[in-house]
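Secondary and tertiary structure notes
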Amino acid sequence: MNLKSQLESTLTPDQLRILQLVADEAPQSGLPLYIIGGSVRDLILGSATKDLDLTVEGDAIALARALAKRHGGKVTAHSKFGTANWFLPKDLMTESRESVDLISARSETYKHPAALPTVKPGSITDDIRRRDFTLNTLAIRLDGAHFGELRDDLGGMDDLKQGIIRALHQKSFLDDPTRMYRAVRYAERYGFEIADETLALIHKARPLIAKLSAQRIRHELDLILEEWNAAAMLARLADLDLLQPIHPALTFDSSMRERVANLHTYRGLQHLSPWNITRGEQMNDSDLGWLLWLMSLSQEQVSALNDRLHFTADLLASLFAVSMMFRDQSSFVGWKPSECVEHLESFPVNAVEAVGYVARDPRVKELFDEYISKWRYIKPHTTGDTLKALGVEPGPRYAVILRQLRNAWLDGEVKTAEEEKRLLKSLISEN
Ligand code: CTP
């Protein structure tokens, strides 16, 4: 089968141009060149592919150097992994692309279950066989006259057509238990079925989840929380009993599902909110997902989960904050703006925003919204310098007076600069 026309119609002109340059160079070096894995899968499914996964059967670094010699630019080589980045010369560079990754085909073996793989240079056959699922084993050859030839050693095309996620061999999940999470991510992303024999392998490999490092599990869950239908993925993980083996506190009940199901909408709101755009306060996509998912946990559960997953310091602080605010949300009803601000200012703003999205009581929602978009920016005209000029002795009194002025603005007791001046006068004489 030849996929030349598919390549031409699906890739962007920028991707095609680069592909063609590398494809023309490869035969001069005598190196078979392929795109393989996720990029071929997405190409056949007709979706945009971000990375080209250019794999060379042979020395990718030598090919990158040959390209730089012919067209200019620079090469950064990682000889341990046989990979190279070709940083494009100015005339080939575009807004979306500064460099091209070239990878040497490799084999991977696992010294023991759940270990990181031992990587060695290998043939394209090895590179196909080291992979997780058949839908990721398709390769398209690119060099010279071979341009567009499909290589399908393991029935990937049939599985892709039928919508099946199938592990390559019995030991796939024992080698790498993170693949169980990948299986669910692909299945829900594409609406595919996990093959029965692969489900059976998942049941067998479940105990190995305990052996995975915090970082590797968190990475898989981050990837899931970046997807638009993360809720369906987490629900499937819970069905397959792949969450609690990570930690017993990691559940996915119906209220969690409801919150995470709106992740996409909340993400959109975050990206649109003018205060986030101007102040660069957006959370990364997966962090917002973590907050929505876990805000109903207790402080103790968050802490216990952190022992297993090692959240980043920022995310951990926000998780503690959402847990507290979510639990106490109804107590905010009837608070004065100044009381709200004083309380909410002790929490990371992203955490307040996340609880605001899901608050059950519309009055609480409004209060959180006001805080985020307005109240937190309100400040009196008076500053420390004003107080100094008025002869107030510097000290803790400054903070007290400035806070009282700000609270008066927040609660509508002061509405003009004149009124603020009057209040200031009385505060100075009182204090
Ligand atoms: N791979 C694997 N086992 C893993 C991770 C990756 O076998 N634990 C293989 C897969 O075959 C995959 C390739 O390495 O196609 C590249 O991995 P990655 O970039 O994570 O996957 P993509 O297929 O590009 O998936 P996505 O669209 O989610 O980025």
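Note that this is a predicted model, so its numbers are computed, not measured. (Residues numbered from 1 in each chain as written. Predicted model: local features only at pLDDT ≥ 70, side-chain atom pairs only at ≥ 80, totals over all residues. Heavy atoms only, no water.)

**As for the site of the ligand**
Neighbouring the ligand are 15 residues, the closest being Arg41, Asp132, Asp176, Arg185 and Arg189. Contacts to the ligand include arginine 41, whose side-chain N or O atom sits 2.8 Å from an oxygen atom. One of the side-chain N or O atoms of tyrosine 186 is found 3.1 Å from an oxygen atom in the ligand. In isolation the ligand has 570 Å² of accessible area, and contact with the protein removes 74% of it. Within the residue set of the shell around the ligand, elements represented by two or more residues are α3 (38-45) and α8 (178-190). (Near = heavy atom within 4 Å. Polar contact = N/O pair within 3.5 Å; in protein donor to acceptor, adjacent residues only side chain to side chain. Areas by Shrake-Rupley, 256 points an atom, 1.4 Å probe, with all protein chains shown as cover. Helix = DSSP H or I, 4+ residues; strand = E, 2+ residues; numbered from the N terminus.)

**Concerning the packing of aromatic side chains**
Counted according to the given criterion, the structure contains 10 aromatic pairs. Judged by centre distance (4.8 Å) and plane angle (45°), the rings of phenylalanine 332 and tryptophan 335 are tilted. We classify phenylalanine 332 as buried; its relative accessible area is 1%. With centroids separated by 5.1 Å and ring planes inclined at 80°, the aromatic side chains of phenylalanine 332 and phenylalanine 368 adopt a geometry described as edge-to-face. Here phenylalanine 332, found in the loop between α17 (313-327) and α18 (337-344), pairs with phenylalanine 368, found in helix α20 (residues 362-373); they are 36 residues apart in sequence, far enough to count as distant. (Phe/Tyr/Trp six-rings, centres within 6.5 Å; stacked < 30°, edge-to-face > 60°. Buried < 20%, exposed > 50% of the residue type's maximum accessible area, 1.4 Å probe, protein only.)

**Overview of the sheet that holds strand β5 (residues 99-104)**
With respect to topology, seven strands assemble into an open sheet ordered β3-β4-β5-β2-β1-β8-β9, the strand pairing being mixed. Two strands close off the open sheet at either side, each with one partner strand: β3 (74-78) and β9 (149-151). For this sheet, the mean angle separating the axes of adjacent strands, direction not counted, is 30°. For strand β1 (residues 33-36) and strand β2 (residues 54-56), the ladder comprises three bridges, and the chain directions are antiparallel. Paired with isoleucine 35 across the strands is leucine 54, a residue of β2. In this fold helix α2 (residues 13-28) packs onto β1, β2, β4 (83-87) and β5, with an angle of close to 145° to the strand it touches most, β1. Relative to the sheet, helix α4 (residues 60-71) contacts β1, β2, β3, β4 and β5, its axis offset from that of β4 by approximately 15°. (Pairing = 2+ DSSP bridges. Axes fitted to C-alpha atoms, helices over the stretch in contact; angles between N-to-C directions. Contact = heavy atoms within 4.5 Å.)

**Here's the deal with the pattern of salt bridges**
Summed over all chains, the structure comprises 25 salt bridges. Between arginine 141 and aspartate 143 there is a salt bridge; the shortest N-O distance is 2.8 Å. Each member of the pair, arginine 141 as well as aspartate 143, is classed as buried. One salt bridge in this structure joins arginine 179 and aspartate 176, with 3.9 Å as the shortest N-O distance. As far as burial versus exposure is concerned, arginine 179 and aspartate 176 are alike and both buried. Look at the salt bridges and you will find they share partners, linking Arg106, Glu108, Asp127, Arg130 and Arg131 into a network. (Salt bridge = Lys/Arg side-chain N within 4 Å of Asp/Glu carboxyl O.)

**Examining the packing of helix α22 (residues 397-410) against helix α23 (residues 417-430)**
Between α22 and α23, the least distance of the axes is 10 Å, while the angle of their chain directions is 145°. By crossing handedness, the relation of α22 to α23 is classed as right-handed. Residues Arg397, Ile401, Gln404, Leu405, Ala408 and Trp409 of α22 touch α23, and the partners they reach there are Ala417, Glu420, Leu423, Leu424, Leu427 and Ile428. Per-class residue counts for the contact of α22 with α23 are nine nonpolar, one polar and two charged. (Left-handed = near helix turned anticlockwise from the far one by under 90°. Nonpolar A, V, L, I, M, F, W, Y, C, P; charged D, E, K, R; others polar.)

**Quick look at helix α9 (residues 196-205)**
Spacing of three or four residues puts side chains on the same side of an α-helix, whose turn is 3.6 residues. Residues of α9 that are buried include every one of Thr198, Leu199, Leu201, Ile202 and Ala205, and no others. One side of α9 holds all its buried residues, which, seen down the axis, span an arc of 155°. Along α9, the residues that are exposed and aim more than 90 degrees away from the buried face are Asp196 and Lys204. Where α9 is buried, its residues contact β10 (164-165), α7 (172-175), α8, β11 (193-194) and α11 (230-239). (Arc of directions from axis to C-beta.)

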